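Structural overview for review
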Amino acid sequence: MNYTTVIGLHKKENHAEVLSKRYKQPLAIFTRLGMAVLFLVAIAITSTAQRGKVNWSPDGEGYISYKAGNVVQIDPKSGKETTLINAEDLTPPGMSVLQPQSFEYSRDNSSVLFFTNTAKVWRYNTRGDYWVLDVRSRKLKKLGRDLPSQSLMFAKFSPDGNYVAYVSEHNLFVENLQTGLIKKLTSNGSRKMINGTFDWVYEEEFNERDGFRWSEDSKQIAFWQIDATKIRDYYMLNTIDSSYSQIIPVEYPKVGEAPSPAKIAVVNISNGYTKFMDIEGDPAQHYLTRMEWSGPSELIIQQLDRKQQESRLIYANTATGSSYTFWAEGDKAWVDLNTDNPVGWNWVNKGADFIWVSEKDGWRHIYKISRDGKNVELLTKGNYDIGEVLSIDEKNNSVYFTASPYNPTQEYMYRVKINGPDANPELLTEKDQVGVHKYEVAPGGKIAKHTFSNRNTPQLTEWVSLPTHKPLDKSSSIEKNIKTVPSNVEYVKITTVDNIELDAWINKPANFDPKKKYPSIFYVYGEPAASTVMDEFGNHNNFLYNGDIAADGYIQVSIDNRGTPMLKGAAWRKSIYRKIGEVNIKDIAHGAKKLLENSYFDKERVAVWGWSGGGSTTLHLMFRYPEIFKTGVAIAAVGNQLFYDNIYQERYMGLPQENRDDFVNGSPATYAKGLQGNLLYVHGTGDDNVHYSNAEYLINELVKYNRQFQFMAYPNRSHGLSEGKGTFLHLATMYTEFMKKNNPPGAR
């Protein structure tokens, strides 16, 4: 069995992962939110490792870890460790022991591929060096001997284990492990002609990084080719590493501009013959979001139209290049991607059917679709949403998934039958463990890593067997080790003047006295990529506050508006279509107004803050509801929706050529004249995601109307403001001092 592991995985987390941890949209979208744990080291993941953080063993009954230079397999029931690879085996002559980020075994377990010396490409460390260890001879060999150091990406074994394919400098290569011969399979690669991987926006918004797939017979490779030659560059300036500024170009299609044309080709590794698939439609008006082999000479491909309102599933003949659509679905707003994982296809019943997730009946449900697309069976019946598919276990006729039919702020494991008579989904999580449950299921579906927390329970982890959900080690089970921590967090439901019911939480300060009045700080996001109200431990404290916010006497609040990815049905999520900056802002403002009717809120001391999309929401609230929000901190905000990328903004807002007024009306800069309170505005000049031009455009509007504010530009910092010594402490100190000065702490 072929499997990939990640060593010491510390993916840099963002607001969506820290505060929502729910993948209702492609994971790549979440990077727009800003990085919540800015001080974490960004040791990122390869695309093959995105399937899970547990390094499962091939038999699916244990996991693998990297300890003191050794690779060891661990039995989660007994804790017994077995050394698989010694440190000396990972020490090249004249070098120190390799420090792999990830590794992958060949299917026959005869060789191991190690990824080391990694470097970041936009978000993640997906570029570096690869080494192959022959398990029998213990010989260690570096791949790509004539290619630049630290330039290889996404290397993976052929199914027969005789070759490794990889990308270097936008071209695709294959290396024969026996002879050492390296073949360059594409030759036109450049910064703007991209083979085997993706451009900035595909990576950011579709979670696409690894852009090639081996055929099962190890004779061909299917790959994406992205033509970004007509995509204009956004120029960032590095002004701190030299006495002269350095231009950093980023190919970045702004909203309203056509996408990079994407093609899919198949190359024969023996003779280099390349065949491009003939896919219906203008490639500059469509996206190719998923692709896998579906047979010896066939690919299965997902295509979205530019507005992302129609998803088509296509078969392509790799010999002739011909293709045809066999299944499609549409939506007047947008069609959600089937999964955030861009690798693999969920075939069942020996390839006769596949599992698919769709909102086509108004709820996010699991379907079984026949190979020809003619038979579609709903597996999760009922008026509720599933969260994500966790695993498919054909042996036990089961699909494992997360859902929360009765409380969208929580999450539990269920399973449903793949085949057979209709049956209600079976709840596997313990009923009395109320909160958010996360799972990583081993290959084969025998065991899973299970984590649990809620507002009063710090995160706990156990290993469980499936399908019984019984702990492998009762002494370390969650049930036996639950410890409740006292908390002042209260979850409430708010009904606004528009008769909209919103979920919210309130975290009251230490020594709270309901007879006194307290200042409040509202944390906001508000856009379709994430929610801030999941019932998880630690979500209710301000990570940017430099001090003890509870002891200082602040009430903390967060409200979930319409349009967030909560499990409340497609109508809830898609009510924000063409109304970002309208529906979400109105809901939060009206929700806040309702909460402030409680006598313990001091209406003269109300602050709001957010990052990225939350920064935009903060600006809207400060400009349009100054009677409610007196102080605000906006970080890395989109000031003008017309400045953001096409995939994200067009998905949720349409095309500006057709409804430009919606973009204008939804942009904070349009309302800058309304600023009355105290505003701190923060942006990194090296932000490749939400460009620094957003800040300067908004500043111009504030200056035009003589609106006074405080501004901080962090030189050459990206969207997460994570670069540079002292940045996080400086930001946290500035934030805290600004808040204390303008929204004074303590009861009155």
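Residues numbered from 1 in each chain as written. Predicted model: local features only at pLDDT ≥ 70, side-chain atom pairs only at ≥ 80, totals over all residues. Heavy atoms only, no water.

1. Some remarks on the overall build of the protein
Along the backbone of the protein there are ten helices and 42 strands. Taking the principal axes of its C-alpha atoms as reference, the protein extends roughly 75 × 60 × 60 Å. Looking at the protein as a whole, 61% of its 748 residues qualify as buried. Taking the contacts inside the protein whose residues are at least 6 apart along the sequence as the reference set, 61% of them involve residues at least 24 apart. Carbon and sulfur atoms provide 48% of the accessible area of the protein, an area that totals close to 28,700 Å². Of the side-chain charges in the protein, 86 are positive and 86 negative, and the distance between the mean point of each set is 2 Å. (Helix = DSSP H or I, 4+ residues; strand = E, 2+ residues; numbered from the N terminus. Buried < 20%, exposed > 50% of the residue type's maximum accessible area, 1.4 Å probe, protein only. Contact = heavy atoms within 4.5 Å. Areas by Shrake-Rupley, 256 points an atom, 1.4 Å probe, with all protein chains shown as cover. Lys, Arg positive; Asp, Glu negative; His and termini not counted. Charge placed at Lys NZ, Arg CZ, Asp CG, Glu CD.)

2. Comments concerning the packing of aromatic side chains
Across all of its chains, the model carries 36 aromatic pairs by this definition. Between Tyr-166 and Phe-173 the ring centres are 6.0 Å apart and the planes differ by 20°, which places this aromatic pair in the stacked class. With respect to burial, Tyr-166 and Phe-173 carry one shared label: buried. Between Lys-568 and the ring centre of Trp-572, over which it is positioned, the NZ or CZ distance is 4.0 Å. Between the NZ or CZ atom of Lys-574 and the centre of the ring of Trp-334, over which it lies, the distance is 5.7 Å. (Phe/Tyr/Trp six-rings, centres within 6.5 Å; stacked < 30°, edge-to-face > 60°. Lys NZ or Arg CZ within 6 Å of the ring centre and 35° of its normal.)

3. Looking at helix H8 (residues 656-665)
Here H8 has its buried residues at Pro-656, Asn-659, Asp-662 and Phe-663. For H8, the buried positions fall inside an angular range of 130° around the axis, keeping them on one side. Buried residues along H8 sit in contact with helix H7 (646-653). (Arc of directions from axis to C-beta.)

4. Quick look at the confidence of the model for the protein
Summing up the model confidence of the protein, the mean pLDDT is 91 and the portion of residues at 70 or higher is 93%. Note that residues 1-52 has pLDDT below 50 and, in this model, 203 contacts with residues that lie over four places away or in other chains. (pLDDT = per-residue confidence, 0-100.)

5. Looking at the sheet that holds strand E20 (residues 286-295)
In sheet architecture, strand pairing relies on hydrogen bonds along the backbone and comes in two forms, parallel and antiparallel. Here four strands make up an open sheet; going across it, the order is E20-E21-E22-E23 and the pairing antiparallel. Looking at strand neighbours, the two that pair on one side only are E20 and strand E23 (323-330), the edges of this open sheet. When strand polarity is set aside, the average angle formed by the axes of neighbouring strands in this sheet is 20°. Of the strand pairs in this sheet, strand E22 (residues 310-317) and E23 are connected by seven bridges, and their pairing is antiparallel. When the sheet's bridge partners are listed, Glu-310 is paired in E23 with Gly-330. (Pairing = 2+ DSSP bridges. Axes fitted to C-alpha atoms, helices over the stretch in contact; angles between N-to-C directions.)

6. Some points on the sheet that holds strand E41 (residues 678-684)
The strand order E35-E36-E38-E37-E39-E40-E41-E42 describes an open sheet built from eight strands, whose pairing is mixed. The sheet is open, and its two edges are formed by strand E35 (489-495) and strand E42 (710-714), each paired on a single side. Averaged over neighbouring strand pairs, the angle between their axes works out to 20° when direction is ignored. In the sheet, strand E40 (residues 631-635) pairs with E41 via five bridges, with the strands oriented parallel. Residue Gly-632 lies in a different strand from E41, and its bridge partner there is Leu-679. In the packing of helix H6 (residues 613-624) onto the sheet, contacts are made with strand E39 (601-611), E40 and E41, and the angle to E39 comes to roughly 145°.

7. Looking at the pattern of salt bridges
Two side chains that carry opposite charge are able to pair once their charged atoms sit near each other. Inspection of the entire model under this criterion finds 40 salt bridges. Where Lys-67 meets Glu-81, a salt bridge forms, and the shortest distance between an N and an O atom there is 2.4 Å. Note that Lys-67 is positioned in strand E2 (residues 63-67) and Glu-81 in strand E4 (residues 81-85), a separation of 14 residues in sequence. With a shortest N-O distance of 2.8 Å, Asp-587 and Arg-562 are connected by a salt bridge. Linking Asp-587 in helix H5 (residues 583-595) with Arg-562 in the loop between strand E38 (555-559) and helix H4 (570-574), this pair joins segments that are 25 residues apart in sequence. No difference in accessibility class separates Asp-587 from Arg-562, as the two residues are buried. Sharing partners across several salt bridges, the network here consists of Asp-331, Glu-359, Asp-385, Arg-573 and Lys-574. (Salt bridge = Lys/Arg side-chain N within 4 Å of Asp/Glu carboxyl O.)

8. So, the environment of Val-664
Tracing the backbone through its elements, the reader meets Val-664 in helix H8. Separated by 24 residues in sequence, Val-664 and Asn-640 place their C-alpha atoms 7.5 Å apart.

9. Re the packing of H5 against H6
It is the contact of H5 with H6, at a shortest axis distance of 10 Å, that shows an interaxial angle of 65°. Crossing geometry of H5 relative to H6 is assigned as right-handed. From H5, Asn-584, Ile-585, Ile-588 and Ala-589 reach across to H6, where they touch Thr-617, His-620, Leu-621 and Arg-624. (Left-handed = near helix turned anticlockwise from the far one by under 90°.)

10. Quick look at the nonpolar core
Membership of the largest hydrophobic core comes to 95 residues, with the highest contact counts inside it found for Leu-299 and Phe-629. Take this core: its biggest share by element is five residues, from H5. Setting aside residues no more than four positions away along its own chain, Phe-629 makes contact with Phe-522, Ala-589, Ala-592, Val-606, Ala-607, Val-608, Leu-621 and Met-622. By size, the runner-up hydrophobic cluster in this structure holds 22 residues, among which are Tyr-523, Tyr-545, Tyr-554 and Tyr-735. (Core = buried A, V, L, I, M, F, W, Y, C linked by side-chain atoms within 4.5 Å.)

11. Overview of a nonpolar patch on the surface
Side chains of Tyr-235, Leu-237 and Ile-247 sit close together on the surface and give an oily, nonpolar patch of about 330 Å² of accessible area. Taking relative accessible area as the criterion, Leu-237 reaches 41% and is therefore assigned partly exposed. (Patch = residues over 30% accessible without salt bridge, like charges linked within 9 Å, V, L, I, M, F, W, Y side chains within 5 Å.)

12. Let's talk about the pairing of strand E26 (residues 365-370)
Counting buried positions over the six residues of E26 gives six, a clear majority of the element. Residues His-365, Tyr-367 and Ile-369 of E26 are buried on one face, and the alternating residues Ile-366, Lys-368 and Ser-370, pointing to the opposite face, are buried as well. Of the strand pairs in this sheet, strand E25 (residues 353-358) and E26 are connected by six bridges, and their pairing is antiparallel. If you follow Ile-355 over to E26, its bridge partner there is Lys-368. What sits between E25 and E26 in their antiparallel hairpin is a turn of six residues, with Gly-362 showing a positive phi close to 100°. For E26 and strand E27 (residues 376-378), the ladder comprises three bridges, and the chain directions are antiparallel. Pairing of Lys-368 across the sheet is with Glu-377, part of E27. Once E26 ends, the chain turns through five residues before running back antiparallel as E27, passing Gly-373 with a positive phi of about 80°.

13. So, the side chain of Asn-689
Among the structural elements, Asn-689 can be located in the loop between E41 and helix H9 (693-704). At 3.1 Å, the side chain of Asn-689 forms a polar contact with the side chain of Glu-204. (Polar contact = N/O pair within 3.5 Å; in protein donor to acceptor, adjacent residues only side chain to side chain.)

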